[in-house]
Amino acid sequence: MSKFEQIVILTGAGISAESGIQTFRDAGGLWEDHPVEQVATPEGFAADPALVHRFYNLRRAALSTVAPNAAHKALADLQARFAGEVTLVTQNVDDLHERGGSKNVIHMHGELLSTFCTACNHRWRQETDLTVETQCLACQTQGGPRPDIVWFGEMPYDMDRIERALKRCDLFVSIGTSGAVYPAAGFVQLAHVHGAQTLELNLEPSQGSAFFGETRQGPATQLVPEWVHSILA
Ligand code: OAD
């Protein structure tokens, strides 16, 4: 039986890299091709909504060309079989955790398959392209709908719930994230000061590696199943 009772897991782009989704900050990553201010800020959307829609339409369409990998599946297995509580928080906007079998995933940076209306706040699942002509399903405002993505300068979702889980967990695990973006980058310290053990699983040392009690380097498809196996053993 595991010595842990409450585990919080934070995932980032690195867990989906081996499924074929580009990370943000690795060479050739998403932000290398696109200025962040243009495609990931409310100001960028106001200045050129068509360009922003195109950027996220491409990402949304690409979801149908990728599949969950062994790391996503291992976390789903952990959620299903761990006797205690597992809180899975992701910064990723893809749906690979869900397609890998995970339940109750907290998408703190939003989801590509969700849209909301800036006019009336109605939210819905959106699998097809958005354009400046798209009408809100509820209030019919044209141009109201925008990708349900948390952009820079906006508040990540479910922070109260995440902070409560971090304060009571006894193990915090960070997988495939560069530790470059707050508040997610600060989760390790919050969990640590409340007494949790902390573990980083990443291809290389991240910006936040020094804050972790233990770090392991390698591809997520290898490290995550190994770690899950050890917890369930
Ligand atoms: P990054 O692109 O910043 O970092 C990805 C991390 O994954 C890097 O540290 C890589 O070394 C690591 N990595 C790459 N391939 C890996 C593999 N096969 N196995 C394990 N690790 C691997 O992505 P995030 O940290 O997720 O926010 O970025 C955080 C946020 O920045 C994103 O959610 C996004 C972006 O701005 C928003 O869009 C709001």
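Summary of the structure given here. (Residues numbered from 1 in each chain as written. Predicted model: local features only at pLDDT ≥ 70, side-chain atom pairs only at ≥ 80, totals over all residues. Heavy atoms only, no water.)

## A word on the overall build of the protein chain
Thinking step 1. A count of helical and extended segments in the protein chain gives 10 helices and 9 strands.
Thinking step 2. Projected onto its principal axes, the C-alpha coordinates of the protein chain cover approximately 55 × 35 × 30 Å.
Thinking step 3. In the protein chain, which comprises 233 residues, the share counted as buried stands at 49%.
Thinking step 4. Of all intrachain contacts in the protein chain linking residues separated by at least 6 positions in sequence, the fraction that spans at least 24 positions is 64%.
Thinking step 5. Of the roughly 11100 Å² of accessible surface on the protein chain, a fraction of 51% belongs to carbon and sulfur atoms.
Thinking step 6. If you average the places of the 17 positive and of the 27 negative side-chain charges in the protein chain, the two averages end up 5 Å apart. (Helix = DSSP H or I, 4+ residues; strand = E, 2+ residues; numbered from the N terminus. Buried < 20%, exposed > 50% of the residue type's maximum accessible area, 1.4 Å probe, protein only. Contact = heavy atoms within 4.5 Å. Areas by Shrake-Rupley, 256 points an atom, 1.4 Å probe, with all protein chains shown as cover. Lys, Arg positive; Asp, Glu negative; His and termini not counted. Charge placed at Lys NZ, Arg CZ, Asp CG, Glu CD.)

## Re the environment of Leu 232
Thinking step 1. Positionally, Leu 232 belongs in helix 10 (residues 220-232).
Thinking step 2. Distance from Leu 232 to Gln 140, taken between C-alpha atoms, is 50 Å for residues 92 residues apart in sequence.

## Some words on the site of the ligand
Thinking step 1. The full set close to the ligand counts 24 residues, and Ala 13, Phe 24, Arg 25, Thr 177 and Ser 178 are the nearest of them.
Thinking step 2. A distance of 3.3 Å separates an oxygen atom of the ligand from a polar backbone atom of Gly 176.
Thinking step 3. Glu 204 places a side-chain nitrogen or oxygen 3.0 Å from an oxygen atom of the ligand.
Thinking step 4. Protein burial of the ligand: of its 800 Å² of free accessible surface, 96% is covered by the chains.
Thinking step 5. Sorting elements by how many residues they give to the shell around the ligand places helix 1 (residues 13-17) first, with 3 residues.
Thinking step 6. Residue classes in the shell around the ligand are distributed as 10 nonpolar, 10 polar and 4 charged. (Near = heavy atom within 4 Å. Polar contact = N/O pair within 3.5 Å; in protein donor to acceptor, adjacent residues only side chain to side chain. Nonpolar A, V, L, I, M, F, W, Y, C, P; charged D, E, K, R; others polar.)

## Brief notes about the pattern of salt bridges
Thinking step 1. Counting across every chain of the model gives 7 salt bridges.
Thinking step 2. Glu 214 is the partner of Arg 216 in a salt bridge, and the nearest nitrogen-oxygen pair spans 2.8 Å.
Thinking step 3. Judged by its relative accessible area of 30%, Arg 216 falls in the partly exposed class. (Salt bridge = Lys/Arg side-chain N within 4 Å of Asp/Glu carboxyl O.)

## Thoughts on the packing of aromatic side chains
Thinking step 1. Summed over all chains, the structure comprises 4 aromatic pairs.
Thinking step 2. Arranged with centres 4.8 Å apart and planes meeting at 85 degrees, the rings of Phe 55 and Tyr 56 form a pair that is edge-to-face. As far as the burial class goes, Phe 55 and Tyr 56 line up, both buried.
Thinking step 3. Both rings, one in Phe 172 and one in Phe 212, keep their centres 6.2 Å apart while their planes meet at 20 degrees; by these two values the pair is stacked. (Phe/Tyr/Trp six-rings, centres within 6.5 Å; stacked < 30°, edge-to-face > 60°.)

## Points about the sheet that holds strand 4 (residues 110-117)
By definition, the strands of a sheet pair up through backbone hydrogen bonds, in either a parallel or an antiparallel sense.
Thinking step 1. One open sheet holds the 3 strands; their spatial order is 5-4-6, and the pairing between them is antiparallel. Both outer strands of the open sheet, strand 5 (123-125) and strand 6 (145-149), are each paired with one neighbouring strand and no more. Strand-to-strand twist of the sheet, defined as the mean angle between neighbouring strand axes without regard to direction, takes the value 40 degrees.
Thinking step 2. Across 3 bridges, strand 4 lies against strand 5 in antiparallel orientation. Of the residues in strand 5, the one forming a bridge with Ser 114 is Arg 125. (Pairing = 2+ DSSP bridges. Axes fitted to C-alpha atoms, helices over the stretch in contact; angles between N-to-C directions.)

## Quick look at the sheet that holds strand 1 (residues 6-11)
Thinking step 1. Sheet architecture is open: 6 strands sit in the order 3-2-1-7-8-9, paired in parallel fashion. Pairing within the sheet leaves two strands with one partner each, and these edge strands are strand 3 (106-107) and strand 9 (214-217).
Thinking step 2. Taken together, the 5 bridges between strand 1 and strand 7 (residues 171-175) define a ladder with parallel strand orientation. Along strand 7, the bridge assignment pairs Val 8 with Phe 172.

## Quick notes on the side chain of Thr 87
Thinking step 1. Mapped onto the fold, Thr 87 is located in strand 2 (residues 85-90).
Thinking step 2. Aside from chain neighbours lying at most four places away, what touches Thr 87 is Ile 7, Val 8, Ile 9, Ile 106 and Ala 165.

## With respect to the state of the cysteines
Thinking step 1. Inspection of every chain in the model, using the stated rule, returns 0 disulfides.
Thinking step 2. Cysteine Cys 120 shares no disulfide, and the gap to the nearest cysteine sulfur, in Cys 136, comes to 3.7 Å.
Thinking step 3. Free of any disulfide, Cys 139 has its nearest cysteine sulfur in Cys 120, 3.7 Å distant.
Thinking step 4. A relative accessible area of 32% means that Cys 139 is categorised as partly exposed. (Disulfide = S-S within 2.5 Å.)

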